Amino acid sequence: MNTTGEDFGRQRRRKHSAEFKAKAIAACRKPGVSISAVALAHRLNANLLRRWVVADEQAPATKPLKAISAVPARSIVESPTFIPIQVASSVKTSQQITIELRRGATVVRVGWPLAAAADCAAWLRELLR
């Protein structure tokens, strides 16, 4: 500011409504959307929008219904644990590696025992040189 109280070129801090923040936060929660892309689309700083998202995640569940409807539900599991399961395989696995090479009308099929996979890989590397 100068001595007369005029403001030269300084930008004032913008204030955003709760509805605007809720829309921006909801846009960030869509699958495959980055916070920076949403920030650019809404003319916001990505760091500011990230703070809003984090604050929203930490906020208690007492939000207005407008904001809740646009936000996907969160998981109630605090710390998920790994539960191992065994799945019976109904598909019979082959004990052979099969490679099919085609050139024009000619087809060559080569079979290698699964136990000799390293030899098959070495042969294939030599073939593709």
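In this report, the structure presented in the accompanying data block is examined. (Residues numbered from 1 in each chain as written. Predicted model: local features only at pLDDT ≥ 70, side-chain atom pairs only at ≥ 80, totals over all residues. Heavy atoms only, no water.)

Describing helix α3 (residues 46-58)
Okay, so step 1: The end-to-end C-alpha distance of α3, which contains 13 residues, comes to 18 Å, matching closely the 18 Å that a straight helix rising 1.5 Å per residue would cover.
Okay, so step 2: What α3 keeps buried is the set Leu49, Trp52, Val53 and Asp56. All buried residues of α3 fall inside an arc of 95° around its axis, so they share one side. Across α3 from its buried face, at more than 90 degrees, point the exposed residues Asn47, Arg51 and Gln58.
Okay, so step 3: Buried residues along α3 sit against α1 (18-28) and α2 (35-41). (Helix = DSSP H or I, 4+ residues; strand = E, 2+ residues; numbered from the N terminus. Expected span 1.5 Å × (residues − 1). Buried < 20%, exposed > 50% of the residue type's maximum accessible area, 1.4 Å probe, protein only. Arc of directions from axis to C-beta. Contact = heavy atoms within 4.5 Å.)

Let's talk about a nonpolar patch on the surface
Okay, so step 1: Residues Leu101, Val108, Leu127 and Leu128 make up a contiguous nonpolar surface patch of roughly 340 Å² in combined accessible area.
Okay, so step 2: Position of Val108 relative to the elements: it lies in strand β2 (residues 106-113).
Okay, so step 3: The partly exposed category is assigned to Val108, whose relative accessible area is 39%. (Patch = residues over 30% accessible without salt bridge, like charges linked within 9 Å, V, L, I, M, F, W, Y side chains within 5 Å. Areas by Shrake-Rupley, 256 points an atom, 1.4 Å probe, with all protein chains shown as cover. Salt bridge = Lys/Arg side-chain N within 4 Å of Asp/Glu carboxyl O.)

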